[in-house]
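Summary of the model geometry
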Amino acid sequence: PMYEPDDDDLAAEEQARSLRAWEKHYQDENTWEDLEEDESGRLRMTTGDKGHREKRRREIAQVAANSHVCKGMIRFLYVVLDLSYAVNEEDMRPSRLAVISALMYKFFREYFSQNPLSQLGLVVTRNGIAERLTELSGNPETHIAALKEHLDAAGDMSIQNSLELVNISLAQLPLYGSREVLFVVSGLSTCDPGNVHTAIAAAKNAKIRVSVVSVAAEMYLCRRMSEETGGMFGVSTSQHHLEELLMAHAPPPPLNEEATKASLVHMGFPQKRALDQGAFFSGRGGEYVCPRCSSRVEELPSQCNVCSLTLVSSPHLARSYHHLFPVAPFEDLGEGGSAAERCFACRRKLDIRANQGNDNDDQAPSVCGKCTQVFCFPCDAYIHERLHNCPGCENGFKRGD
């Protein structure tokens, strides 16, 4: 006999259809199952399961595999944020505007963490016009403060006006840095005063790489713009997917040899000196003194307003090399491997059973191929994603010493 659903089944199916996307995400997530009690009796969040660890390690291995690809150390990026009426939609909780703004704050900080020598500018488009909120600079807090003060959404976006605005600024920059534009689009239409394809052709001729992250759906114009300029295009399917698409633009992309020329760049390392009250100075003022002309600047990295010398600090220069020489992926400690009692980095007690089918344990010990020291999974991920140096290799220790 054919199965006929009863009233309870029909009610459950109707309730499932009525759930919004954000409700379905949290219903399927079961976040309470990620809580477990540690040795001291405190509750802590686990990182999920074995699939999560394998995904993170695949990403680490991919970064190491792409280490031979030439990447630019200096980037000039303009972020064009769509603040049209479309960002007021409530398909994300509490609204698209709240979600996008929070992700942009995170992206600004991650961008400068991955690119210490690069600069970023912010442009918003609404009411059919484009407005530059910040010039190219190296301080993420400047862009965050400017965006917080201009979160009013209205009208339609304009791709043409936005492209023309950033083209004027990027076309004047030196060729040793990559010129990039990142559109974060929520609307499905653009209000342009002329032919938008003329602006796309101008960006292509100026060697500007235009990428697009679409929140709602795919626009043919956005895809064509990114394809013609060699950029990336993506459409988010959820809030978490949107974050992944945005953060994918934080690491430096492969360098286009035709658009960027390799050259030696003069750099200065200014000293920090307090400005005496009533003192005369050249420049805009600040605590950093240019070593060439002795003018003052406010932040690093930046360009001297008087002699145009690129000013950086030694930590910025050192941190920019981790893309060229990434830490090799650690190897999983198999069942037959001899495990250390504690993680070499955090000194946390390790349990080899994490690699023997216990998917709810986030330790998953791994071993460095050079120094043979053993690390837990959180330290493994932190070393490859943030620290970019193996503590055991840096100290010259080998297991057994």
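Up top is the structure.
Description of the structure in this document. All figures in this text were calculated on a predicted structure; none of them were measured in a lab.

**Structural notes on the sheet that holds strand β10 (residues 271-272)**
An order of β10-β11-β12 is seen for the 3 strands of this open sheet, with the pairing classed as antiparallel. Only two strands of the sheet have a single neighbouring strand rather than two, namely β10 and β12 (296-297). The pairing of strand β11 (residues 288-289) with β12 spans 2 bridges and is classified as antiparallel. By the bridge assignment for β12, Y288 is matched with V297.

**Things to note about the pairing of strand β4 (residues 119-126)**
Taking burial as the measure, the 8 residues of β4 include 8 buried ones, the bulk of the element. Along β4, one buried face is formed by Q119, G121, V123 and T125 and the opposite face, lined by L120, L122, V124 and R126, is buried too. Strand direction decides the pairing type here: strand β3 (residues 75-82) and β4, joined by 7 bridges, are parallel. Among the inter-strand pairings, F76 is bridged to a residue of β4, identified as Q119. The parallel pair β3 and β4 is bridged by helix α4 (residues 96-114), and the resulting crossover is right-handed. Strand direction decides the pairing type here: β4 and strand β5 (residues 129-137), joined by 6 bridges, are antiparallel. Residue pairing across strands places V123 opposite R132, the latter belonging to β5. The loop that links β4 with its antiparallel partner β5 comprises 2 residues; one of these, N127, has a positive phi angle of about 55 degrees.

**What about the packing of aromatic side chains?**
Evaluation of the coordinates by the stated rule reveals 5 aromatic pairs. Relative to F375, the ring of F344 lies with its centre 6.0 Å away and its plane at 85 degrees, an arrangement referred to as edge-to-face. Of this pair, F344 sits in the loop between β15 (331-332) and β16 (366-367) while F375 sits in strand β17 (residues 374-375), and the two are 31 residues apart along the sequence. With respect to burial, F344 and F375 carry one shared label: buried. Linked through ring pairs, F107, F108, Y111 and F112 together constitute an aromatic cluster.

**Points about the environment of G392**
Along the chain, the position of G392 falls in helix α12 (residues 391-395). G392 sits 24 residues away from C368 along the chain, and the two C-alpha atoms are 8.3 Å apart.

**Focus: empty space enclosed by the protein**
Under the defined criterion, the tally for this structure stands at 2 cavities of 30 Å³ or more. Lining the largest cavity, in full, are K71, G72, M73, Q114, N115, P252, S320, H323 and L324. For the lining of the largest cavity, the per-class residue count stands at 3 nonpolar, 5 polar and 1 charged. Of the volumes computed, that of the second largest cavity is approximately 30 Å³. Contributing to the lining of the second largest cavity are S84, Y85, A86, D156, M157, G187, L188 and S189.

**Observations concerning the nonpolar core**
Nonpolar side chains tend toward joint burial in soluble globular proteins. Residues V79, L81, M104, F107, F108, L120 and V184 are the most contacted members of the largest nonpolar core, which totals 32 residues. Elements supplying a minimum of two residues to this core: β3, α4, β4, α5 (140-149), β6 (178-185) and α9 (239-247). Examining the composition of this core, we find that 10 residues originate from one element, α4, more than from any other. Sequence-distant contacts of V184, defined by excluding residues within four places in its chain, comprise V80, L81, D82, I100, M104, V213, V215 and L246. In terms of nonpolar packing, the next biggest core, distinct from the first, is built from 31 residues, I74, L117, L170 and V185 among them.

**Considerations on the sheet that holds β5**
The strand order across the open sheet built from 6 strands is β5-β4-β3-β6-β7-β8, with neighbouring strands paired in mixed fashion. Each edge of the sheet is formed by a strand with only one pairing partner; in this case those strands are β5 and β8 (233-235). Adjacent strand axes in the sheet meet at a mean angle of 15 degrees when their direction is disregarded. Sheet strands touched by α5: β3, β4 and β5. Its angle to β5, the strand with the most contacts, is close to 155 degrees. Each of β3, β4, β5, β6 and β7 (208-214) touches helix α6 (residues 159-170); the most contacted strand, β5, lies at about 30 degrees to it.

Procedures and definitions
- Sequence order as written defines the numbering, with residues in each chain counted from 1.
- The predicted nature of this model means local features are confined to residues of pLDDT at least 70 and side-chain atom pairs, given and counted, to a pLDDT of 80 or more, with totals for whole chains, interfaces and linings taken over all residues.
- Hydrogens and waters are ignored; side-chain quantities use all the structure's heavy atoms.
- In this analysis, strands are considered paired if DSSP registers two or more bridges between them.
- The helix and strand labels rest on DSSP assignments: H or I over at least four residues marks a helix, E over at least two residues marks a strand, and numbering proceeds from the N terminus.
- The cut-offs for exposure are 20% and 50% of the maximum accessible area for each residue type, with area from a 1.4 Å probe on protein chains only; residues under the lower value are buried, those over the upper are exposed, and the others partly exposed.
- Whether a crossover is right-handed depends on one test, that the path from the first strand over the helix to the second runs clockwise when the strands point away from the viewer.
- Here a Phe, Tyr or Trp ring, Trp counted by its six-membered ring, pairs with any other such ring whose centre lies within 6.5 Å, and the pair is stacked when the planes are under 30 degrees apart, edge-to-face when over 60, and tilted otherwise.
- Every definition here rests on a 1 Å grid over the protein atoms only: cavities are sets of points where a 1.4 Å probe fits but cannot get out, pockets are open sets enclosed by protein on both sides within 12 Å along at least five of seven lines, and lining residues have some atom within 4 Å of a point.
- Grid points are joined across faces, edges and corners, and a volume is the space filled by probe spheres set on the points.
- The classification used treats Ala, Val, Leu, Ile, Met, Phe, Trp, Tyr, Cys and Pro as nonpolar, Asp, Glu, Lys and Arg as charged, and all other residues, Gly among them, as polar.
- To qualify as a nonpolar core, a set must consist of buried Ala, Val, Leu, Ile, Met, Phe, Trp, Tyr and Cys residues joined through side-chain atoms within 4.5 Å.
- Any two residues whose heavy atoms approach within 4.5 Å are treated as being in contact.
- Angular values range over 0 to 180 degrees, each being the angle between N-to-C directions of two axes fitted as lines to C-alpha atoms, with helices fitted over their stretch in contact.

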